[in-house]
Every structure is written in structure tokens, then in C-alpha cells.
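Below are the chains, spelled out letter by letter.
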Amino acid sequence: MSKIVIIGAGAAGYFAAITAAENNPKVEVIILEKGKNGLQKVKISGGGRCNVTHACFVPSELVEFYPRGKKELLGPFHQFMTGDTMEWFENRGVPLKIEDDNRVFPESNSSQSIIDCLVESAEKAGVKVLFNQNVQTVSKTKDIFEIKTSSDVFTADKLLIAAGSNPKMWALAETLGHTIVEPVPSLFTFNINDKRLKDLLGISVPYATIKISKTKLESSGPLLITHWGMSGPAILKLSAFGARILAEKDYQYNVEVNWLSKSTEKVLEILKLGKTTLNKKQVALKSLFADIPKRLWERLVLVSNISATARWADLSNKQLQELANQLTKGVFNANGKSTFKDEFVTAGGVHLKGIDFKRFESKLHKNLFFVGEILNIDAVTGGFNFQNAWTGGFIAGNAMGED
């Protein structure tokens, strides 16, 4: 009987194990997990709701959400796509829903639904999951892999490493000849200490444009003010696509914010119109832009050298220009980063040139497979990192299940 060992009881590991065991009941499949529980990232994803995938159903469009892995994932997405993921879970009794931003969640709004489905499917398929198995070494003699943990020794005909962003697993991959791209944080928020943001915790704008000064990095989308600075989809997308550049800057850089995603000239034109039509109204109390929350508007008015009691008719051209600048090209100094919730994602890992993405198999060792975040693949927030796990797990699982 062929024996498959999978290191890592996460989304990719479970999915690969289930796929292999269901496709070939004759194989023995064992998952080794370092901790006392598996699927911990699934548990915390999406604020405990589990953002299963994203409702983007065209492979060429889906790959655009991956700063690293875009080219390599195009073929795999033609084999197992977001719609396949949704069908897989729904066929196993987990109804899903597509929210307004196209993120996909279980209708239960609980990640436990996804965890229970994976655990039950694994049990039904005969997969063995062993916890507290801290892998120490991996070696290969002829065609057999030997996996030593802190308490046991396992052998395998086929080995899958799906242990996520794990420095120890990257080191093991290196011992097997694979090159490791140095990991840096990918999804993170910007630490900004600025009087313009003070006490505005929780305020957001629906569509801002963000740029990193002296780079080509730019992103648009919802922007959220937090107690440590800035977050939201626009910031997280920028952090993902700029992961290496921002790391090289040691997370010290200037952030240019256009709160309205409009040109300075267009905004100035609107402000000048306001001076005429709202002449007796107080500027701080009467915004001309519905997308700018009241408290943020008041703050930007004050930092434009406009008094709290000034009326529109009193504004000079210089004040109007400064307010237009604050609204469209305010510069904020970022000094450090913070992890996005508990969802730590890295850019880096096993170099993609060493992987055959038709099978997610090592080009250096037959029957050695890698899936998930151990590879130098990552995505923006929104269910895309999970889709990488499901797709890789499915393809690798099928390959390992072959006789």
C-alpha cells in the first residue's frame, strides 16, 4: 500500500489529504501537525467567519490578485477554480453566500462549519491526523522519505509539505535542495502618528487612492483610520504588492492620500463653487463631499488654516487651495507596520522555479510536493490566499493519489 505523509494540518494539507484518499482508497494518508489542533488559520479567518474564497470566476482575472504567483497559478486555476471550491463545500453540506464585496463565507457565519466539514471529510476518507508531531528532519533514501519528529519516525512514498509560513519548514526545504526566497510580511497596516488622524478611530472613506512617495506603488479602495494609523482594503492591497519595496525601506516612507480619488483641480473647482453657493455657512459644518465623514472633514478644514467658525464666503484662494491639497494629496509619514488582525501572511518561501505547477511537485525530487503559503505565493485579502490553498491541495492530492 502506498503511503502519503503530509506535514501541516492547515487548509491546504487537509484538502490534499482528503482529495488523495477519496480518489484512491488504497493509499494510506497521514497528516502530521506540530500543534495540538489543526486548521487554526481557518478558525480565525474573516473575523471567525472564514473567508472561504472570492467570487471571481475567470482565471485570468483571479490571478491579478496575487502579487507573487500570478503566472504560476493561471494553469492550476483552470483545473480547480473558485466555483469548484464553492461546489465542493456545498456538496458536503456547507451552504455558502457571496457578500456585496464578492467575498464568500459560510451561511452560518462561522468558521467552525468549514472546520467540521474538513475534519469529517478526512475521517470519512480514512485520513489519520496526528497532533503534537514536531518535525525535526526530512531525508530521502532511494525512493523513500523519512520524516523524524520529536517523538516518532515516519516513512512515506510521497511527501507533501503544507506547513504554511514556517521558517523551520523552509529550512527543511533547503536541505532538500530548494531555494528559499527570504520572507517578508505581506498583509499589514501602516503605523502613522499624525494630528490629522488623532481620535478618528473607526472613520472610513469608501474610495481613496493611496500612493507611496518616490515609487510606482498605488492602490485604490476603502480606507480605514485606526488607532495606530491606516488600514482597509486600499492599504492592505498596497502592502501586498509593495511587500518587498516597503521592507527595503524598513517601513519608513511617505504615504500620499487622495481621500476622494479626484484630481486636485476638480476638487478646487467644487470648493470654489461652494464659496459662492454656501457663502454664509460655516465651512467646518458644511462639507461638499458626501464620501468624507463629518469629523474627518472638520479635521482637514482646521489643518488647512481655516478657523472652526469661518464661513465659506470668507475663504481666500490660498485657503481653498490648501483644503483641496489636503483632500487630494495629503502626505502622511508611515513609521512601522502592524499585523492585519491575526492573519499573518508573508511574501517569500520556496522559490517557484523549483516547482512543477501541473502537479505542485518538486522538480528536484519525484513525489515531493509543496502547497499553500510555504511557496512564494501570496495574495491580497479577500479569500484569495485560501483559494491558493484549495487549488494547490486539490491538484497535489490528485497527483499523490495516483497509483
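In short, a report on the structure.

Rules used throughout
- Residues numbered from 1 in each chain as written.
- Predicted model: local features only at pLDDT ≥ 70, side-chain atom pairs only at ≥ 80, totals over all residues.
- Heavy atoms only, no water.
- Pairing = 2+ DSSP bridges.
- Helix = DSSP H or I, 4+ residues; strand = E, 2+ residues; numbered from the N terminus.
- Axes fitted to C-alpha atoms, helices over the stretch in contact; angles between N-to-C directions.
- Buried < 20%, exposed > 50% of the residue type's maximum accessible area, 1.4 Å probe, protein only.
- 1 Å grid on protein atoms, 1.4 Å probe; cavity = no way out; pocket = protein on both sides within 12 Å on 5 of 7 lines; lining within 4 Å.
- Points joined across faces, edges and corners; volume = space filled by probe spheres on them.
- Nonpolar A, V, L, I, M, F, W, Y, C, P; charged D, E, K, R; others polar.
- Phe/Tyr/Trp six-rings, centres within 6.5 Å; stacked < 30°, edge-to-face > 60°.
- Lys NZ or Arg CZ within 6 Å of the ring centre and 35° of its normal.
- Arc of directions from axis to C-beta.
- Disulfide = S-S within 2.5 Å.
- Core = buried A, V, L, I, M, F, W, Y, C linked by side-chain atoms within 4.5 Å.
- Contact = heavy atoms within 4.5 Å.

This paragraph deals with the sheet that holds strand β13 (residues 204-212). Within the closed barrel, the six strands sit side by side as β12-β15-β14-β13-β16-β17. Their pairing is antiparallel. This sheet shows a mean twist of 50° between the axes of neighbouring strands, independent of strand direction.

Turning our eyes to something else, we now look at unusual backbone geometry. One non-glycine residue, S261, lies in positive phi territory at about 55°. On the secondary structure map, S261 appears in the loop between β16 (252-258) and α10 (264-277). Residue N305 is not a glycine yet carries a positive backbone phi of 60°. Summarising the element assignment, N305 is placed in the loop between α11 (294-302) and α12 (317-329). Note on N305: relative accessible area 64%, which makes it exposed.

Taken together, the three strands give an open sheet; going across it, the order is β3-β5-β4, and neighbouring strands pair in antiparallel fashion. Of all the strands in the sheet, the pair left with one neighbour each is β3 (53-54) and β4 (96-98).

Glancing now at the layout of surface pockets. One way to see where empty space is left: roll a probe the size of a water molecule over the atoms. Empty space within the second largest pocket amounts to approximately 160 Å³. What lines the second largest pocket is I192, N193, D194, L197, K198, D199, L200, L201, T226, H227, W228 and G229. Looking at the lining of the second largest pocket, its residues break down into five nonpolar, four polar and three charged.

Let's shift gears to the pairing of strand β14 (residues 218-225). Looking along a regular strand, one sees the side chains alternate between the two faces of the sheet. For β13 and β14, the ladder comprises six bridges, and the chain directions are antiparallel. Following the sheet pairing, T209 is matched in β14 by S220. Pairing of β14 with strand β15 (residues 229-231) involves two bridges; the strand directions are antiparallel. Across the sheet, the residue bridging to I225 is M230, located in β15.

For the rest of this paragraph, the subject is the packing of aromatic side chains. In the structure shown here, the tally under the stated rule is 18 aromatic pairs. Seen in terms of ring centroids, F188 and Y251 are 5.4 Å apart; in terms of plane orientation they differ by 85°. Their pairing is edge-to-face. Of this pair, F188 sits in strand β12 (residues 188-192) while Y251 sits in the loop between α9 (243-248) and β16; the two residues are 63 residues apart in sequence, bridging distant segments of the chain. Given a relative accessible area of 1%, F188 falls into the buried group. Judged by its relative accessible area of 10%, Y251 is buried. Here the guanidinium or amino end of R92 rests over the ring plane of W88, the centre of that ring lying 3.8 Å away.

Attention now moves to helix α5 (residues 82-91). All of the buried residues in α5 are T82, T85, M86, W88 and F89. Taken around the axis of α5, the buried residues stretch over an arc of 160°, which confines them to a single face. Just beyond α5, the residue with positive phi is G93, at close to 85°.

The final tally for this structure, using the stated rule, is zero disulfides. Free of any disulfide, C117 has its nearest neighbouring cysteine sulfur in C50, separated by 11 Å. What makes C117 buried here is its relative accessible area of 4%.

So, on to the nonpolar core. Ranked by internal contacts, the top residues of the largest apolar core, which has 87 residues, are F89, L118, I147 and L375. Examining the composition of this core, we find that nine residues originate from one element, helix α1 (residues 11-23), more than from any other. Discounting residues that sit within four places of it in the chain, I147 has contacts with V5, I7, L32, V135, T137, V138, D152, V153, F154, A156 and L159. If you look at the next biggest cluster of nonpolar residues, it comprises 50 residues, including F188, L197, V255 and W297.

Such coordinate-based values are descriptive only and should not be taken to indicate function.
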